[in-house]
Amino acid sequence: MPTSHPSGWAHADGALSQARPGGPHWLREPADPNSLVPILWSSTAAKDDGVLSVGGVSLPDLVAEHGSPAYVLDERDFRERARAFADAFAAYDVFFAGKAFLSTTTVRWLAEEGLHLDVCSGGELTVAERAGFPMERVGFHGNNKTVRELERAVGLGVGRVIVDSFDEVERLAAVVSGLGRTIGVMIRVTAGVEAHTHEYIATAHEDQKFGFSIASGDAFEAVRRVEAAPGLRLLGLHSHIGSQIFDSSGFEVAARRVLALHARVSEELGVQMPEMDLGGGFGIAYTTQDDPSDPAQLATELTKIVEHECRALAVDVPRLSIEPGRAIVGPAMCTVYEVGTVKEVALDGGARRTYVSVDGGMSDNIRTALYDADYSCTLASRASDAPAILARVVGKHCEAGDIVVKDEFLPGDVRPGDLVAVPGTGAYCRAMASNYNHALRPPVIAVRDGKTSVVLRRETEDDVLSTDVGA
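Here goes a summary of the coordinates provided. This one's a predicted model, so the numbers in the text were calculated from it and none came from an experiment.

## Some details on the overall build of the protein
Now for step 1: Broken down by element type, the protein carries 13 helices and 24 strands.
Now for step 2: Each of the three principal axes of the protein carries a C-alpha extent, and together these read 70 × 45 × 45 Å.
Now for step 3: Accessible area of the protein: about 20000 Å², with a carbon and sulfur share of 48%.
Now for step 4: Taken as two groups, the 44 positive and 66 negative side-chain charges of the protein have centres that lie 2 Å from each other.

## Digging into the side chain of R382
Now for step 1: Topologically, R382 is positioned in the loop between β19 (378-379) and β20 (388-394).
Now for step 2: Accessibility expressed as a relative area gives 14% for R382, which makes it buried.
Now for step 3: A distance of 3.0 Å separates a polar side-chain atom of R382 from the backbone oxygen of D413.
Now for step 4: At 2.8 Å, the side chain of R382 and the side chain of D418 are in polar contact.

## Looking at the sheet that holds strand β1 (residues 46-48)
Now for step 1: Strand order in the open sheet made by the three strands is β1-β2-β3, with antiparallel pairing throughout. Looking along the sheet, the strands with just one partner apiece sit at the ends: β1 and β3 (57-58).
Now for step 2: Relative to strand β2 (residues 51-54), β1 is paired through three bridges, and the arrangement is antiparallel. When the bridges of β2 are listed, A46 appears paired with S53.

## Things to note about the nonpolar core
Buried together is how nonpolar side chains tend to be arranged in soluble globular proteins.
Now for step 1: Counting residues in each nonpolar core, the largest one holds 107 residues, and the members touching the most others are L172, I187 and L232.
Now for step 2: Looking at this core, the element that brings in the most residues is helix α9 (residues 249-269), giving nine residues.
Now for step 3: With near-sequence residues (within four places) excluded, I187 lies in contact with V163, F212, A222, V223, V226, L234, G236, L237 and H238.
Now for step 4: Core analysis: the next-biggest nonpolar cluster, separate from the first, contains 19 residues, L40, A45, V336 and A380 among them.

Cut-offs applied
- Residues numbered from 1 in each chain as written.
- Predicted model: local features only at pLDDT ≥ 70, side-chain atom pairs only at ≥ 80, totals over all residues.
- Heavy atoms only, no water.
- Helix = DSSP H or I, 4+ residues; strand = E, 2+ residues; numbered from the N terminus.
- Areas by Shrake-Rupley, 256 points an atom, 1.4 Å probe, with all protein chains shown as cover.
- Lys, Arg positive; Asp, Glu negative; His and termini not counted.
- Charge placed at Lys NZ, Arg CZ, Asp CG, Glu CD.
- Buried < 20%, exposed > 50% of the residue type's maximum accessible area, 1.4 Å probe, protein only.
- Polar contact = N/O pair within 3.5 Å; in protein donor to acceptor, adjacent residues only side chain to side chain.
- Pairing = 2+ DSSP bridges.
- Core = buried A, V, L, I, M, F, W, Y, C linked by side-chain atoms within 4.5 Å.
- Contact = heavy atoms within 4.5 Å.

The analysis is restricted to geometry; functional conclusions fall outside its scope.
Pasting the structure below:
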């Protein structure tokens, strides 16, 4: 791997040259570069003579009306995925992790589909409030909630606050005392398990900002303090082991350790905690190398794990909750861009790479630069008979690491004016978007049954300059 660099992986010595010009080992040249890989796209995505449509709306027509780049949100797919989790986990409480993507429109969809909602800031709480979401179905996360945020949460009647430190236990107890209210509390614990995609490790990651350590005894002490605090109603323990997880092994180890604490609390303190939260992090398919589980399979595996551990510990199965975010909104959204330039460059050893520059980039999808994330893409505006070429889709920002799709096969005649669409951009793309280089954040356009509606409008230069007091 390239040597690390403070400005990001793409700035390190040899980073770009070491990225394989032949593409990653898992990437295969398609028989037809015009075709879609269904697992990567929302359920209504289709091509007709090379033109990509989502929700019955062709992307060229959408761009003609709303401009590019644009996030395209498939309402039917979003609702179907939310409903699939609600149905599969019918015995659980399913909290949508709002940090993945949040808007008043999607919050109303979640309410209609019967889901709960996780927020982790005052701003996210405000979105839920303005959408009219039932506050008793809201959980408030975060490792450093301010007094003002806690006062708002308690005042609005959120269903639970997930506490993350001894300071916060004291802070929340003072808030509820001052307001004369009570609040449900979950205690976030660090189980000593970290899961990322296909592997998990049980060491080293106690060194993080979230949660109370089970191993150190802090988690047990947090339970004792919450139980003793007037106005704090102890609901249970909360565990989160990572993100983009495809393997239930990490959940199994975490559940064993969290339930052991659950049983210890019952035995030593005589406290019966009615609930337990297993967290989220369920993976999606960004490329053909990913193989996610469906909600029904996840529900079967997680329920079996918890029931087995509860039998072994001779404790009742608590009411369980989970927190999918990416798994619902991620595949439901794609991003459409217009190609501005196409450039072939010579690499070492006689290899060549085709750079396809689009009118967005790291300001609307930071994940490639930040996490070295992989994405796919397709030509969205026409069919092509040209042989496939291995291309790299890059943005327009003043950064060498401004890469949207590191490696993908596109038709060899890709040219300026074409539209390129990237699937799987619903989670953490618009949520983490920025105004770097004073870029304007793209709109989110919902599509359904041949119609479009604006969920978030495109920013204007006046929006970006609205906080510049000298402008």
